[in-house]
Amino acid sequence: MMSGWLTFGISIEMNNIFLIAIGGALGSISRYGCQKWMYHHYLHPFPFATFVVNVTGSLLIGLLFGLIEKNNFPSPEWRILLITGFCGGYTTFSTFSFETLSLLREGQYVYASLYVLLSVLIGLLAVWAGVFIIKVL
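The structure presented is a predicted model; accordingly, all values stated were derived computationally and were not measured. (Residues numbered from 1 in each chain as written. Predicted model: local features only at pLDDT ≥ 70, side-chain atom pairs only at ≥ 80, totals over all residues. Heavy atoms only, no water.)

Caption draft 1: Looking closely at the packing of aromatic side chains. On inspection of all chains with the given rule, the structure shows 9 aromatic pairs. Geometrically, the ring pair formed by Phe93 and Phe96 is edge-to-face, given 5.3 Å between the ring centres and 65° between the ring planes. Highlighted residues: Phe93 and Phe96, both in helix α4 (residues 93-105), separated by 3 residues, approximately one helical turn. A relative accessible area of 41% means that Phe93 is categorised as partly exposed. Taking relative accessible area as the criterion, Phe96 reaches 10% and is therefore assigned buried. Between Trp128 and Phe132 the ring centres are 5.1 Å apart and the planes differ by 15°, which places this aromatic pair in the stacked class. Of this pair, Trp128 and Phe132 both sit in helix α5 (residues 109-136), 4 residues apart, roughly one helical turn. (Phe/Tyr/Trp six-rings, centres within 6.5 Å; stacked < 30°, edge-to-face > 60°. Helix = DSSP H or I, 4+ residues; strand = E, 2+ residues; numbered from the N terminus. Buried < 20%, exposed > 50% of the residue type's maximum accessible area, 1.4 Å probe, protein only.)

Structure, rendered in C-alpha coordinates:
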(Lines give C-alpha, C1' and ligand atoms only; values in the text may rest on other atoms or scores of the structure.)
Protein backbone atom coordinates (compact mmCIF):
# COMPACT_ATOMS: atom_id res chain seq x y z
CA MET A 1 0.00 0.00 0.00
CA MET A 2 2.82 2.40 0.85
CA SER A 3 4.45 1.87 -2.56
CA GLY A 4 1.20 3.01 -4.25
CA TRP A 5 1.38 6.38 -2.45
CA LEU A 6 5.07 6.67 -3.27
CA THR A 7 4.42 6.00 -6.96
CA PHE A 8 1.58 8.55 -6.96
CA GLY A 9 3.86 11.16 -5.37
CA ILE A 10 6.62 10.49 -7.90
CA SER A 11 4.24 10.78 -10.84
CA ILE A 12 2.93 14.13 -9.54
CA GLU A 13 6.49 15.36 -9.09
CA MET A 14 7.47 14.18 -12.58
CA ASN A 15 4.41 15.97 -13.98
CA ASN A 16 5.49 19.18 -12.20
CA ILE A 17 9.04 18.82 -13.53
CA PHE A 18 7.66 18.32 -17.04
CA LEU A 19 5.47 21.45 -16.71
CA ILE A 20 8.44 23.49 -15.43
CA ALA A 21 10.62 22.21 -18.27
CA ILE A 22 8.05 23.08 -20.95
CA GLY A 23 7.31 26.49 -19.41
CA GLY A 24 11.01 27.20 -18.91
CA ALA A 25 11.81 26.32 -22.51
CA LEU A 26 9.03 28.57 -23.80
CA GLY A 27 10.14 31.38 -21.48
CA SER A 28 13.76 31.06 -22.56
CA ILE A 29 12.78 31.05 -26.23
CA SER A 30 10.60 34.12 -25.64
CA ARG A 31 13.45 35.90 -23.85
CA TYR A 32 15.80 35.06 -26.71
CA GLY A 33 13.34 36.38 -29.30
CA CYS A 34 12.70 39.59 -27.39
CA GLN A 35 16.38 40.23 -26.80
CA LYS A 36 17.28 39.42 -30.41
CA TRP A 37 14.65 41.87 -31.65
CA MET A 38 15.72 44.58 -29.20
CA TYR A 39 19.44 44.22 -30.01
CA HIS A 40 18.61 44.44 -33.73
CA HIS A 41 16.57 47.63 -33.32
CA TYR A 42 18.27 49.44 -30.40
CA LEU A 43 22.05 49.53 -30.28
CA HIS A 44 23.00 51.38 -27.13
CA PRO A 45 25.32 50.88 -24.14
CA PHE A 46 22.26 50.67 -21.85
CA PRO A 47 21.03 47.03 -21.84
CA PHE A 48 17.48 47.76 -22.99
CA ALA A 49 16.76 44.17 -24.02
CA THR A 50 17.30 42.63 -20.59
CA PHE A 51 15.63 45.63 -18.97
CA VAL A 52 12.48 45.10 -21.09
CA VAL A 53 12.47 41.36 -20.36
CA ASN A 54 12.85 41.93 -16.60
CA VAL A 55 10.06 44.52 -16.51
CA THR A 56 7.63 42.54 -18.69
CA GLY A 57 8.43 39.40 -16.71
CA SER A 58 7.69 41.26 -13.49
CA LEU A 59 4.40 42.52 -14.93
CA LEU A 60 3.43 38.99 -16.02
CA ILE A 61 4.20 37.58 -12.56
CA GLY A 62 2.14 40.41 -11.03
CA LEU A 63 -0.77 39.65 -13.33
CA LEU A 64 -0.61 35.94 -12.53
CA PHE A 65 -0.39 36.51 -8.77
CA GLY A 66 -3.24 39.01 -9.07
CA LEU A 67 -5.34 36.32 -10.73
CA ILE A 68 -4.45 33.88 -7.97
CA GLU A 69 -5.40 36.38 -5.25
CA LYS A 70 -8.63 37.45 -6.93
CA ASN A 71 -9.98 34.20 -8.36
CA ASN A 72 -7.73 31.40 -7.13
CA PHE A 73 -6.92 31.01 -10.83
CA PRO A 74 -5.00 29.54 -12.58
CA SER A 75 -4.93 25.95 -11.32
CA PRO A 76 -1.82 24.69 -9.50
CA GLU A 77 -0.62 23.02 -12.72
CA TRP A 78 -0.94 26.25 -14.70
CA ARG A 79 0.84 28.16 -11.90
CA ILE A 80 3.77 25.76 -12.11
CA LEU A 81 3.84 26.01 -15.90
CA LEU A 82 3.48 29.80 -16.10
CA ILE A 83 5.11 31.20 -12.96
CA THR A 84 7.84 28.71 -12.14
CA GLY A 85 8.42 27.54 -15.70
CA PHE A 86 7.72 30.34 -18.16
CA CYS A 87 8.54 33.33 -15.95
CA GLY A 88 11.55 31.54 -14.50
CA GLY A 89 12.88 30.90 -18.00
CA TYR A 90 11.94 34.36 -19.26
CA THR A 91 13.33 36.67 -16.58
CA THR A 92 17.07 37.10 -16.56
CA PHE A 93 18.52 38.40 -13.34
CA SER A 94 21.73 36.45 -13.82
CA THR A 95 22.14 38.29 -17.12
CA PHE A 96 21.18 41.49 -15.29
CA SER A 97 24.05 41.00 -12.85
CA PHE A 98 26.52 40.18 -15.62
CA GLU A 99 25.54 43.21 -17.70
CA THR A 100 25.76 45.50 -14.67
CA LEU A 101 29.25 44.22 -13.95
CA SER A 102 30.20 44.70 -17.61
CA LEU A 103 28.97 48.31 -17.53
CA LEU A 104 31.00 48.93 -14.37
CA ARG A 105 34.11 47.38 -15.94
CA GLU A 106 33.64 49.62 -19.00
CA GLY A 107 33.45 52.69 -16.75
CA GLN A 108 29.76 53.24 -17.57
CA TYR A 109 28.91 54.06 -13.94
CA VAL A 110 25.85 56.18 -14.71
CA TYR A 111 24.34 53.50 -16.96
CA ALA A 112 25.14 50.78 -14.42
CA SER A 113 23.48 52.78 -11.64
CA LEU A 114 20.44 53.61 -13.78
CA TYR A 115 20.12 50.00 -14.88
CA VAL A 116 20.10 48.65 -11.32
CA LEU A 117 17.85 51.37 -9.93
CA LEU A 118 15.32 51.37 -12.77
CA SER A 119 15.19 47.57 -13.02
CA VAL A 120 14.37 47.19 -9.34
CA LEU A 121 12.01 50.13 -8.99
CA ILE A 122 10.10 49.68 -12.26
CA GLY A 123 10.07 45.89 -11.76
CA LEU A 124 8.44 46.35 -8.35
CA LEU A 125 6.03 48.89 -9.82
CA ALA A 126 5.17 46.47 -12.64
CA VAL A 127 4.39 43.65 -10.18
CA TRP A 128 2.20 46.06 -8.19
CA ALA A 129 0.50 47.24 -11.41
CA GLY A 130 -0.22 43.65 -12.46
CA VAL A 131 -1.84 42.84 -9.12
CA PHE A 132 -3.74 46.16 -9.17
CA ILE A 133 -5.01 45.64 -12.73
CA ILE A 134 -6.42 42.23 -11.83
CA LYS A 135 -8.02 43.56 -8.64
CA VAL A 136 -9.87 46.33 -10.46
CA LEU A 137 -11.11 44.13 -13.32
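Caption draft 2: Structural detail: the packing of helix α2 (residues 48-71) against α5. Orientation of α2 relative to α5, taken along the N-to-C sense of each, is 30°, at an axis distance of 7 Å. With respect to each other, α2 and α5 are oriented roughly parallel. The interaxial crossing formed by α2 with α5 has right-handed handedness. (Axes fitted to C-alpha atoms, helices over the stretch in contact; angles between N-to-C directions. Parallel < 35°, antiparallel > 145°, perpendicular 65-115°, else oblique. Left-handed = near helix turned anticlockwise from the far one by under 90°.)

Caption draft 3: View of the nonpolar core. Within the largest apolar cluster, 10 residues are counted, these being Cys34, Met38, Ala49, Val53, Leu64, Ile68, Ile83, Phe86, Cys87 and Tyr90. Mapped onto this core, the elements with two or more residues apiece are α1 (2-41), α2 and α3 (76-90). Setting aside residues no more than four positions away along its own chain, Ala49 makes contact with Gln35, Met38 and Tyr39. If you look at the next biggest cluster of nonpolar residues, it comprises 8 residues, including Phe51, Leu103, Ala112 and Tyr115. (Core = buried A, V, L, I, M, F, W, Y, C linked by side-chain atoms within 4.5 Å. Contact = heavy atoms within 4.5 Å.)

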